[in-house]
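Structure at a glance
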Protein chains: 2
Amino acid sequence: MQPLFRRLSYYSKLTDEDGKTLSGMSLRDHSYAPGEDIIRRGEKTSQVFVIKQGWAVRYITLEDGRTQVLNFMLPGDIFDLQVFLDDEVDHSVAAVTKVTTTVVNSDSILSLFAQGSSIAAALWWTTVQEEGILREQIVRNGRRTARERVAHLILELHRRARIVGDAGADCMELPVSQILIADCLGLSFVHVNRVLRGLEKEGLIKKNKGVLTILDRAKLIETSGYSEEHLHLNGPPRRLSFMAVAE
Amino acid sequence: MQPLFRRLSYYSKLTDEDGKTLSGMSLRDHSYAPGEDIIRRGEKTSQVFVIKQGWAVRYITLEDGRTQVLNFMLPGDIFDLQVFLDDEVDHSVAAVTKVTTTVVNSDSILSLFAQGSSIAAALWWTTVQEEGILREQIVRNGRRTARERVAHLILELHRRARIVGDAGADCMELPVSQILIADCLGLSFVHVNRVLRGLEKEGLIKKNKGVLTILDRAKLIETSGYSEEHLHLNGPPRRLSFMAVAE
DNA sequence: CGTCCTCTTGAGTAACTTCAAGTATTGTGG
DNA sequence: CCACAATACTTGAAGTTACTCAAGAGGACG
C-alpha cells in the first residue's frame, strides 16, 4: 500500500498509525501482464483494488474496434469506490505495463468512514480528484488542438507520477505507446507521432527509451494552457464535513 | 422534489413515506434566468441542490473563450454529493432555460445514509449514473464522427428526459441551442447545423419550435451506435451493499 | 534470427472549421 | 401589440486540421 499511502499523505497528514491501518486492509496481491485485462466491462465486481505497481488504463471499446482511453491509472489509484452498488461496471481496465494490484477489504474501508478516520476523508478526496481528471479530459479532447492536448496530457501525467514519487522534477518514465496516447486524446497515432516530434524539434521535450524529459516547462504550459485546478491539489480536509455532524 | 422522486422511483420502489421524506429535505427554492450562473468555478459551496424545473449545463470555459459543456442537467439531477469535501468546485453550472432549484439540507441526506434508507441507495445510484454519462461523453467526443455524436446525444437526452416524465415516447422539448450542442460535442455550431439538417432531410428526426421528434429511431440508433449501458438503467439496489454489513 | 509491434515520414484525402452574408426567430421596450 | 434589436439558424465557399494509406526503419522478445 506504499503508493496509496504516499498519495494520500502528499497533502494530508497521515500518521504511522494510519499507514499501518492501510497495510492491514490489503487482502492479497495480484499481478497482470502488459495488455491483460484487470476488469472487463459488464462484469459485476464487489471488489475494490488499488494499483500498487505499474500503469493501467480505463477504457471503452466500440463494436467496430475504435477504442477510447478514459484515463490512465498510476500507482495509488483506486478502482472503484462506487462499487457498493453491486452493478455491472461500464468500462474496462487493462494493464499497460506489468501491474501489481492489491485487493482491499471493502468492509474495512467502510468502517473507516464510520469511524470518521482521516483516511476516509483522503479516500473521498481521491474520488473527487478522479472526477476532476475525467472532466478535464472532456475539455481537453473537446476544445483543444492536437498539440495542446499532447502537451497538456504530458504535464498532467508528470504531475500525477510525481505525487506518488515515480518522477523527477522534470522527467519521468512514460511507459505508454503513442497508440495509447492517441486513444486517450481522440487522435490517430500517426498524428500524435507528428505532434511529439514537433515538440521535440522545438526543444520542449525529449524522449529516450521510455523516459520523457520536460526541457522547457514554461513553453509547454503556454502551448497547452495547462493548469492544475482540476487535480484539487489542496488535498483533502482532515475530516469530511459530515463527520463534524456526528460529533 | 417531484422530479427527483420520479427519477429515483423510476426503477427503485419508493414508498409514499419516502416521498414525504424527500419533500421534507427541501429547504428552499431558487430561480434562475436563462444564461444565469448557478454555480461558478472556484466557488466553495457546501450546498447540495436539485434541479426542479428547467435545463442547466455543467461547463468549463478556457481563457480564450472556448467553452466545453460537460453535461446537461435535467430536472431531478443533483449537484453535488461530492460537496462534502468543502473544496472549490472545478466547473460551473448555468441555467439554460428558466431554472428552479431546491436547496437540500445536506445533514438530512447524511442521516439517510446512516439509516440505510433506500433513498440513500437511489442517490448513490444517481452519482454512478452521472459518472457513466461523463465517461460516455468522453467516448462519444473522442471516437465518434460528428454525425454519430449528434444522433447519440439526441437519444441520450431523450431517454433522460423520459425518465423524469418530460418527454413522450418519441418526442421531447429540447430547449438547447445548436451552439450549446456544439460546445457539448466539441464541434463548431455551423457543422452541428449541417448535421442536424442532414438528419432531418433523411427523415430520422424533425424539429419544430423547440420540439424534437424522433421519426426513425432504428436508423438513429444504427447511425449513432447508441446503447444504454452507461445509464445503468437497472437502477439502484434497495440497499447499498455496505448497509448489509451494518445489520 | 525472425516475428511482431511501435515508430517515423510522405502523399493524398476527408472531415470539420472559419469566414461571410443573409434569414428566421425570439425577446424587449415603447 | 408592434417595431426593433439581439440572438439563433442556415447556407455557400475556402481553408485547415487531422486522418488514411503506405512503406520502411527501429526495437523488443521468444
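Residues numbered from 1 in each chain as written. Chains lettered and ligands numbered in written order. Predicted model: local features only at pLDDT ≥ 70, side-chain atom pairs only at ≥ 80, totals over all residues. Heavy atoms only, no water.

**Examining the protein's contact with DNA strand C**
Formally: Only a single heavy atom is needed: when it lies within 4 Å of a molecule or strand, its residue is near that molecule or strand. We call two N or O atoms a polar contact when they sit within 3.5 Å, provided that within protein one can donate a hydrogen and the other can accept it, with sequence-adjacent residues counted only if both atoms are side-chain atoms. Only DSSP runs of H or I with at least four residues qualify as helices, and only runs of E with at least two residues qualify as strands; both kinds are numbered from the N terminus onward.
The environment of DNA strand C is made up of 15 residues, and the closest members are A:Q178, A:N193, A:R197, B:S188 and B:H191. At a separation of 3.0 Å, a phosphate oxygen of DNA strand C approaches a polar backbone atom of B:A146. For DNA strand C, a base oxygen lies 3.1 Å from a polar atom in the side chain of B:R194. If you list the elements that add at least two residues to the surface near DNA strand C, you get α6 (178-185) and α7 (189-201) of chain A together with α7 (189-201) of chain B. Here the surface near DNA strand C gets four residues from one element, more than from any other, and that element is α7(A).

**What about the relation of the copies chain A and chain B?**
The test is simple: The least-squares superposition of copies is restricted to C-alpha atoms, and to residues with a pLDDT of at least 70 in both copies. Only heavy atoms matter for contacts: two residues are in contact if any of them lie within 4.5 Å across the pair.
Overlay of chain A on chain B (RMSD 0.0 Å): rotation 180°, translation along the axis 0.0 Å. What the rotation and shift describe, once combined, is the action of a two-fold rotation axis. Relative to the rotation axis, the closest C-alpha in chain A is found at A:I138, a distance of 2.8 Å. Same-surface contact between copies: 100% of interface residues of chain A are shared with the interface of chain B.

**Some thoughts on the sheet that holds strand β6 (residues 78-79) of chain A**
All names here are of chain A. Short version of the rule: Any two strands between which DSSP finds at least two bridges are classified as paired.
The four strands are arranged β1-β8-β3-β6 in an open sheet whose pairing can be described as antiparallel. Across the chains shown, the open sheet's two edge strands, defined by having one partner strand only, are β1 (26-32) and β6. Bridge analysis of strand β3 (residues 48-53) against strand β8 (residues 99-104) gives five bridges, and the strand direction is antiparallel. When the sheet's bridge partners are listed, F49 is paired in β8 with V103.

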